[in-house]
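# Summary of the model geometry
Listed below, chain by chain, are the residues.
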Amino acid sequence: MTETVAGTRRDELLRIAAKLFAERGFRNTTVRDIADAAGILSGSLYHHFDSKESMVDEILQTFQQELFAGYDAIVNGELPAREKIEAAVRLSFEAIDQHHHEVAIFQNEADWLSGLGDRFAYLAERHAQSRDVWITLLREGMKSGDLKADIDLELAYRFIRDTVWVAVRWYRPGGELSHERVADQYLSILLDGIAQKDSAQ
């Protein structure tokens with residue numbers, strides 16, 4: 001088997017595993033489940049991966065490297081503060097659209113996987129890194145005057161974190177709502193509010 005063919009097969013197996021982990025849960029998915037879905041024997045799967053832990057590790061590592069490279073580019077870029085926040089929100093919803101299974105796995109399984117030891121210690125580090133990204137962007141927004149000066153940074157971060165990523169539970173890639181439209185509406189609510197402004201005031 002050539003390296004290219006082997007790589008393609010490996011990627012296919014990871015896609016199958018990601019779907020099963022997201023839909024059934026990591027703990028409820030067996031190596032045999034993955035092999036059956038791929039149309040191969042369980043033993044054949046071990047030619048590519050030594051365990052399902054190795055599979056979920058690679059799935060999450062690859063996804064998060066891409067996501068946080070995007071966040072880093074935004075934080076270190078030259079956009080005005082408000083546009084950085086907008087870009088980070090749009091990137092997050094794009095991730096939910098393009099990496100739906102990976103996001104679901106991270107949201108549902110990260111805490112449990114972190115308890116398996118050093119192999120998954122990076123998950124807690126990613127949580128901390130995510131907080132640093134949003135706190136930095138919010139602080140820049142307050143400093144620039146784009147955001148109110150009296151907001152509680154920690155509460156604002158938690159609100160954004162929870163309201164963005166929970167969308168993985170209801171958003172369906174390829175559905176009626178595009179991730180761009182969802183991001184537009186979210187940003188409108190986040191930055192402009194939903195109350196009708198009284199023009200007479």
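These numbers come from a predicted model, not from an experiment.

Let us look at the overall build of the protein chain. From N to C terminus, the protein chain includes nine helices and zero strands. For the protein chain, the N- to C-terminal ordering of α and β elements is α-α-α-α-α-α-α-α-α. Its C-alpha atoms put the protein chain at 70 × 35 × 30 Å along the principal axes. A separation of at least 24 residues holds for 68% of the contacts in the protein chain among residues at least 6 apart in sequence.

This part is about the side chain of H100. Within the fold, H100 resides in helix α6 (residues 100–114). Within polar-contact distance, the side chain of H100 engages the backbone oxygen of V168 at 3.1 Å. When neighbours within four sequence positions are excluded, H100 is seen to be in contact with A95, V168, Y171, R172 and P173.

Once that is clear, we can look at the confidence of the model for the protein chain. Averaged over the protein chain, the pLDDT score is 91; the fraction of residues at 70 or greater is 94%. Of all the helices and strands in the protein chain, helix α1 (residues 3–24) carries the lowest mean pLDDT, 84, while helix α5 (residues 81–98) carries the highest, 97.

Another aspect to go through is the pattern of salt bridges. Pairs can form between side chains of opposite charge whenever their charged atoms are close. Going through the model one piece at a time under the given rule, you end up with 14 salt bridges. For E58, the salt bridge identified is with R10, shortest N-O distance 2.5 Å. Taken together, the positions of E58 in helix α4 (residues 52–75) and R10 in helix α1 put the pair 48 residues apart, joining distant regions of the chain. When its relative accessible area of 25% is taken as the criterion, E58 is described as partly exposed. We note a salt bridge from R27 to E109, for which the minimum N-O separation is 3.8 Å. Taken together, the residues span a long stretch of sequence, with R27 in the loop between α1 and α2 (31–38) and E109 in helix α6 at a distance of 82 residues. What makes E109 buried here is its relative accessible area of 5%. Overlapping salt bridges, with partners in common, bring together R82, E86 and D192 in one network.

Cut-offs applied
Residues numbered from 1 in each chain as written. Predicted model: local features only at pLDDT ≥ 70, side-chain atom pairs only at ≥ 80, totals over all residues. Heavy atoms only, no water. Helix = DSSP H or I, 4+ residues; strand = E, 2+ residues; numbered from the N terminus. Contact = heavy atoms within 4.5 Å. Polar contact = N/O pair within 3.5 Å; in protein donor to acceptor, adjacent residues only side chain to side chain. pLDDT = per-residue confidence, 0-100. Salt bridge = Lys/Arg side-chain N within 4 Å of Asp/Glu carboxyl O. Buried < 20%, exposed > 50% of the residue type's maximum accessible area, 1.4 Å probe, protein only.

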